[in-house]
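Below, each chain spelled out in residue letters.
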Amino acid sequence: MSKYIFITGGVLSSLGKGIAAASIGALLEANGLKVTIQKLDPYINVDPGTLSPFQHGEVFVTDDGAETDLDLGHYERFTHIRTSQANNFTSGKIYYNVITKERRGDYLGDTVQVVPHITDEIKQAIKSVSDGNDVVIVEIGGTIGDIESLPFLEAIRQMRYDVGRENVLYIHLTLLPFIKTSGELKTKPTQHSVRELRAIGIQPDLLLCRTDRILPPEAKKKIAIHCNLEGDSVINAIDVETIYEVPLALSAENLDQQILKKLDLPAGEPDLGPWQEIVRKIKEPRNEVNIAIAGKYVGLKDSYKSLMEALGHGGIANDCSVKITWIDSEEVEANGAEKYLSDADGILVPGGFGYRGIEGKIESVKYAREKKIPYFGICLGMQCAVIEFARNICGLKANSSEFDINAQSPVIYLMEKWYDFRKGKIEERTDSAQKGGTMRLGAYPCIVEKNTAAYAAYGTTEISERHRHRYEFNNAFRDTIISHGMQISGASPDGELVEIIEIEGHPWFLGCQFHP
């Protein structure tokens, strides 16, 4: 039987439950266990696909096309997990499933209620990812005290009775603020948070206390007494320079051995060598590069979370510090590219939706092309590269039909019918289709042409990458664009969907439809 670890958060939001869950997964893997991690989000949206990046950060897309919380990206980066739609459930998704069953007649004769119907659906969701895993780590979104999260908390309370006390562990993440005027760490917010959790029937087994300094033994003892815990069950989750140092910091606090002991799992000597080398390369890199990102959501960096992490991982692989300069594409639009991009070693234009800031992105593409600065366009960044090339090299009055429905040369347009190689069927969509879940989502195959920058990067002709977009390269302009020097270096197996473009004679200029 799988063991279950439930991670809750208290005092305030954004404490790092996702990083904590991912780090615990990494530590358990380092101890030889097979794990999976699931995120339960209290909001009513069925998924985050239609949420503004300013409200909820990026949407992380799984191989099977689920639009999920950005924490799933942390789970995949810290562990060997490949997440799916089963790894993220929202209140909206849970209620949607229950209401669908009620309309279908599954509950005939029953009054459908939060307990047991909603809580049973939540428990079923949790158990759905348990097969083949030694440990299932479940992160509960939100903060203790939120109305929205109560059904999830009730469900995980019941889990201890369903699968046995010895198979369930509750970990609570809290904040210990340091008050400068009194010169001390305050434990009272943590005490109140645990009291709130115990009031709904959950006694945490371990406390992760976020601090900006070492937690003194007397503070640990005070917290343990007031929270009904053993002294060594209070773990100091101290701030570190990089998130990839968190597993090492938590292991130094003996968290992994505590978890193994409390869940009666075999304890060994964890292999943390790879983590130590990653941290060394992040802290003491041998090289440095400056990448300018010209985007439209730069006010909230979490909007580009996977992109930032992908650049960071590229740096780790090359023993290089990647310095990111954030450029608001609207500023480029207003003041020109030279002011913002002249010092960049590389220019990247990321994905996004809507017309705002688009001309600034296109201007950034033009600057990279003309100044021979390495360029990488991702999704909308690829589409902007095609528009810029069509305008300034091919002489077309080009645009995307997303931005101008009456464009004279819609080199990017809404493809209404294409063959979906993952689903094995023809897909159709229109301008009037529902917004949620109607994009080309998830992993799709791509055939890479040899003797291209893309092939040099991948070293293979067959790849699979994740997508999240609605608009495509318009094949009606394919011959014109190719004849002027743009190369299509990657396409769907049937050649219909353009996936990667390059410009010949440029040091490195590449755009792709897919995301990290």
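Every value quoted in this text rests on a predicted model; they were computed, and no experiment measured them. By convention here, each chain's residues receive numbers from 1 onward along its written sequence. Given that this is a predicted model, residues contribute local features only at a pLDDT of at least 70 and side-chain atom pairs are listed and counted only at 80 or more, while totals for whole chains, interfaces and linings are drawn from all residues. Think of the side-chain values as coming from all heavy atoms in the structure, minus any hydrogens and water.

**Considering unusual backbone geometry**
Trans is the common state for peptide bonds, and a negative phi is the common state for residues other than glycine. The residue after Val115, namely Pro116, is reached through a cis peptide bond having omega 20°. One can find Pro116 in helix H5 (residues 114-127). Positive phi values are uncommon outside glycine, yet Lys372 reaches one of about 60°. Summarising the element assignment, Lys372 is placed in the loop between helix H15 (358-370) and strand S15 (375-378). Think of it in three bands: residues with accessible area under 20% of the maximum for their type are buried, residues over 50% are exposed, and the middle band is partly exposed, with areas taken using a 1.4 Å probe on protein chains only. The exposure class assigned to Lys372 is partly exposed, which follows from its relative accessible area of 45%. Phi is positive for Asn451, close to 60°, though the residue is something other than glycine. Every helix listed is a DSSP run of H or I at least four residues long, and every strand listed is a run of E at least two residues long, numbered separately from the N terminus. Along the chain, Asn451 turns up in the loop between strand S20 (440-448) and helix H17 (453-458).

**Focus on the packing of aromatic side chains**
Here the aromatic set is Phe, Tyr and Trp, taking the six-membered ring for Trp, and pairing holds for ring centres within 6.5 Å; pairs whose planes are under 30 degrees apart are stacked, those over 60 apart are edge-to-face, and all others are tilted. Applying the stated criterion across every chain yields a total of eight aromatic pairs. Ring pairing ties together the aromatic residues Tyr4, Phe6 and Tyr170, which thus form one cluster. Here, over-ring charges are defined by two tests on the NZ atom of lysine or the CZ atom of arginine: distance to the ring centre within 6 Å, and angle to the ring normal within 35 degrees. Of note, Lys93 hangs over the ring of Phe89, and the distance from its end group to the ring centre comes to 4.3 Å. The ring of Tyr444 is capped by Arg440, whose NZ or CZ atom sits 5.1 Å from the centre of that ring.

**Concerning the side chain of Lys123**
In this fold, Lys123 is placed in helix H5. The class for Lys123 is buried, based on a relative accessible area of 8%. In the analysis that follows, any N or O atom pair within 3.5 Å is treated as a polar contact, provided that within protein one partner can donate a hydrogen and the other can accept it, and provided that, for residues neighboring in sequence, both atoms belong to side chains. For Lys123, the side chain forms a polar contact with the side chain of Gln158, separated by 2.7 Å. Any two residues having at least one pair of non-hydrogen atoms within 4.5 Å are treated as being in contact. Those residues within four positions of Lys123 in sequence are excluded, and the remaining contacts are Ala155, Gln158, Met159 and Asp162.

**Observations concerning the sheet that holds strand S22 (residues 472-473)**
A sheet is described by the order of its strands in space; here three strands give the open sequence S16-S17-S22, paired in mixed fashion. Looking along the sheet, the strands with just one partner apiece sit at the ends: strand S16 (398-400) and S22. Two strands are said to pair when DSSP picks up at least two bridges between them. In the sheet, strand S17 (residues 409-413) pairs with S22 via two bridges, with the strands oriented antiparallel. In the strand pairing of S22, Tyr413 is matched with Glu472.

**Quick look at the sheet that holds strand S2 (residues 35-41)**
If you walk across this open sheet you meet the seven strands as S5-S2-S6-S1-S7-S10-S11, and the pairing is parallel. With partners counted over all chains shown, the strands left at the sheet margins are strand S5 (88-90) and strand S11 (234-238), one partner each. Geometrically, the sheet is characterised by an average inter-axis angle of 20° between neighbouring strands, direction not taken into account. In the packing of H5 onto the sheet, contacts are made with strand S1 (3-9), S2, S5 and strand S6 (135-140), and the angle to S2 comes to roughly 150°. Here helix H6 (residues 150-163) sits on the sheet in contact with S1, S2, S5, S6 and strand S7 (168-175), set at roughly 150° to S7. Axis definition: a line fit to C-alpha positions, over the contact stretch in the case of helices; interaxial angles, taken between N-to-C directions, run 0 to 180 degrees.

**Overview of a nonpolar patch on the surface**
Like charges within 9 Å and nonpolar side chains (Val, Leu, Ile, Met, Phe, Trp, Tyr) within 5 Å are joined into patches, using only residues over 30% in relative accessible area that form no salt bridge. Areas reported as accessible are Shrake-Rupley estimates using a 1.4 Å probe. Residue values count occlusion only from the protein chains shown. Should a side-chain nitrogen of Lys or Arg be within 4 Å of a carboxyl oxygen of Asp or Glu, the pair is scored as a salt bridge. A cluster of nonpolar side chains, namely Tyr95, Ile99, Val114 and Val115, defines an oily patch on the protein surface of about 320 Å² accessible area. Counting only elements with at least two residues in the nonpolar patch, the list comes to helix H4 (91-104) and H5. Summarising the element assignment, Val115 is placed in helix H5.

**Observations regarding the packing of helix H1 (residues 17-30) against helix H3 (residues 71-78)**
One can describe the packing of H1 onto H3 by two numbers: an axis separation of 9 Å at closest approach and a directional angle of 20°. When the axes of H1 and H3 are compared, the pair comes out roughly parallel. Considering the relative orientation of H1 and H3, their crossing is right-handed. The segment H1 lies against H3, with Gly18, Ile19, Ala21, Ala22, Ser23 and Ala26 engaging Asp71, His74, Tyr75 and Phe78. Residue polarity is assigned by list, with Asp, Glu, Lys and Arg as charged and Ala, Val, Leu, Ile, Met, Phe, Trp, Tyr, Cys and Pro as nonpolar; anything else, Gly included, falls into the polar class. Looking at the contact of H1 with H3 residue by residue, the classes come out as six nonpolar, three polar and one charged. An angle below 35 degrees is treated as roughly parallel, one above 145 as roughly antiparallel, one from 65 to 115 as roughly perpendicular, and anything else as oblique. Each helix crossing is assigned a hand: it is left-handed if the near helix lies turned anticlockwise from the far helix by less than a right angle, otherwise right-handed if that turn is clockwise.

**Here we look at H4**
Between its first and last C-alpha atoms H4 spans 20 Å; for 14 residues at 1.5 Å apiece the expected length is 20 Å, and the two agree. When H4 is considered as a whole, its buried residues turn out to be Ser91, Gly92, Lys93, Ile94, Val98 and Lys101. Of the surrounding elements, those touching the buried residues of H4 are S2, S5, H5 and H6. Just downstream of H4 lies Gly105, where phi reads positive at about 100°. The span one expects for a helix is its residue count, reduced by one, times 1.5 Å.

**Topic: a negative patch on the surface**
Two residue types count as positive, namely Lys and Arg, and two as negative, namely Asp and Glu; His and chain ends fall outside the count. Where a charge lies is defined by one atom per residue type, namely NZ (Lys), CZ (Arg), CG (Asp) and CD (Glu). Taken together, Glu288, Glu338, Asp343 and Asp345 make up a surface patch of like negative charges. Within the element layout of this structure, Glu288 appears in strand S12 (residues 287-295). A residue is classified by how much of its surface remains accessible, and Glu288, at 59% relative accessible area, is exposed.

**Here's the deal with the pairing of strand S23 (residues 486-491)**
Buried residues dominate S23, accounting for five of its six residues. Strand direction decides the pairing type here: S20 and S23, joined by two bridges, are antiparallel. When the sheet's bridge partners are listed, Val448 is paired in S23 with Gly490. Counted along the chain from S23 to the antiparallel partner strand S24 (residues 498-503), the turn is six residues long, and its residue Gly495 has a positive phi close to 80°.

**Observations concerning the nonpolar core**
Core analysis: the biggest nonpolar cluster contains 41 residues, and Ile5, Ile24, Leu28, Ile137, Ile171, Leu208 and Ile259 have the highest contact counts within it. Counting residues per element, this core draws most heavily on H1, at nine residues. Sequence-distant contacts of Ile137, that is, excluding residues within four places in its chain, are made with Ile5, Ile7, Ala21, Ile24, Gly25, Leu28, Thr36, Ile37 and Gln38. Ile358, Ile373, Ala390 and Val498 belong to the second-largest nonpolar core, a separate cluster that totals 40 residues. We call a set of buried residues a nonpolar core when its members are Ala, Val, Leu, Ile, Met, Phe, Trp, Tyr or Cys and they connect through side-chain atoms within 4.5 Å of each other.

**Re the pairing of S11**
For S11, the buried fraction is high: four of the five residues fall into the buried class. Between strand S10 (residues 206-211) and its parallel partner S11, the chain crosses via helix H8 (residues 217-226), and the hand of that crossover is right-handed. Viewed with both strands pointing away, a crossover whose connecting path from the first strand over the helix to the second turns clockwise is right-handed.

**Topic: the pattern of salt bridges**
All chains considered together, the criterion is met by 32 salt bridges. The partner of Lys262 in a salt bridge is Glu230, and the shortest N-O contact between them spans 4.0 Å. Of this pair, Lys262 sits in helix H10 (residues 255-262) while Glu230 sits in the loop between H8 and S11, and the two are 32 residues apart along the sequence. In this structure, the salt-bridge partner of Glu309 is Lys305, at a minimum N-O distance of 3.8 Å. Placement of both Glu309 and Lys305 in helix H12 (residues 305-317) is noted, with a separation of four residues, approximately one turn of the helix. This pair shows no difference in class: Glu309 is buried, exactly as Lys305 is. When salt bridges with common partners are traced through the structure, they connect Lys39, Asp41, Asp69, Asp71 and Glu139 into a single cluster.

Honestly, that's just the spatial picture; any functional story needs more than this.
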